[in-house]
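Summary of structural features
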Amino acid sequence: MPDPTAPDQEIDHVASALVASLPALHRGLERQVAHGFPHPRLPDGQLALLFLVEEREGITVRETAEALLMKPNNVSALVSQLTDLGLLERRQDPADKRVAHLHPTPTARERLAEARALKETHLAGALRTLTEGELDALGAALGALTSLNRRLHSPAG
């Protein structure tokens with residue numbers, strides 16, 4: 001439950017800082033991974049789709065479009081590209097032949113795990129340079145960030 005006594009100015013400051021910090025953190029990690037990743041870098045849309053399909057294996061194109069806030073025809077194009085690259089499989093729904101369920105290939109799983117491991121390694125290295133107080137503050141914020149993430153991704157978000 002939000003704190004009704006929190007001044008709007010403080011909330012606006014936190015929102016502004018998060019909007020600036022989170023993408024910068026993401027870009028920094030992506031830059032580090034790009035140097036150590038031995039495979040061709042996929043465009044962001046393809047990566048987002050692959051990570052989603054890995055998380056929600058069997059998801060349909062329509063569900064993927066809704067989750068990624070994209071048009072179904074754009075998702076279909078990405079699915080075709082990733083299928084051609086051998087990173088995604090379409091499996092026809094046995095009950096409705098018009099519906100395809102998406103599944104990452106073993107190659108995609110390996111590459112996603114590799115990218116995740118590189119990110120975790122680089123992030124852990126950066127975390128090791130922080131003070132104990134900074135680490136404690138980040139640790140304390142994890143629950144709140146998880147809750148914020150859930151709220152931003154909820155249908156009413």
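Residues numbered from 1 in each chain as written. Predicted model: local features only at pLDDT ≥ 70, side-chain atom pairs only at ≥ 80, totals over all residues. Heavy atoms only, no water.

**As for the packing of helix 1 (residues 8–36) against helix 5 (residues 106–127)**
Where helix 1 contacts helix 5, the two axes come as close as 9 Å, and the packing angle between them is 115 degrees. Handedness of the helix 1/helix 5 crossing: right-handed. Of the residues in helix 5, those touching helix 1 at Leu25, Leu29, Glu30, Gln32, Val33 and Gly36 are Ala115, Leu118, Lys119, His122 and Leu123. In terms of residue class, the contact of helix 1 with helix 5 is built from six nonpolar, three polar and two charged. (Axes fitted to C-alpha atoms, helices over the stretch in contact; angles between N-to-C directions. Helix = DSSP H or I, 4+ residues; strand = E, 2+ residues; numbered from the N terminus. Left-handed = near helix turned anticlockwise from the far one by under 90°. Contact = heavy atoms within 4.5 Å. Nonpolar A, V, L, I, M, F, W, Y, C, P; charged D, E, K, R; others polar.)

**Some words on helix 5**
Given 3.6 residues to a turn, an α-helix orients residues that are three or four positions apart in the same direction. Here helix 5 contains 22 residues, and its C-alpha end-to-end distance of 31 Å stays within 8% of the 32 Å for a straight helix at 1.5 Å per residue. Among all positions in helix 5, only Ala108, Leu112, Ala115 and Lys119 are buried. Looking straight down helix 5, one finds its buried side chains confined to an arc of 65 degrees; they lie on one side. Opposite the packed face of helix 5, turned more than 90 degrees from it, sit the exposed residues Pro106, Glu110, Glu120 and Thr121. Check the buried side of helix 5 and you find it contacts helix 1, helix 2 (44–55) and strand 2 (100–104). (Expected span 1.5 Å × (residues − 1). Buried < 20%, exposed > 50% of the residue type's maximum accessible area, 1.4 Å probe, protein only. Arc of directions from axis to C-beta.)

**Quick look at the nonpolar core**
Membership of the largest hydrophobic core comes to 18 residues, with the highest contact counts inside it found for Leu49, Leu50, Val79, Leu82 and Leu88. If you list the elements that add at least two residues to this core, you get helix 2, helix 3 (61–68), helix 4 (72–84) and helix 5. No other element matches the five residues that helix 2 contributes to this core. Apart from the residues lying within four places of it in its own chain, the contact partners of Val79 are Leu49, Val61, Leu88, Arg90 and Leu102. (Core = buried A, V, L, I, M, F, W, Y, C linked by side-chain atoms within 4.5 Å.)

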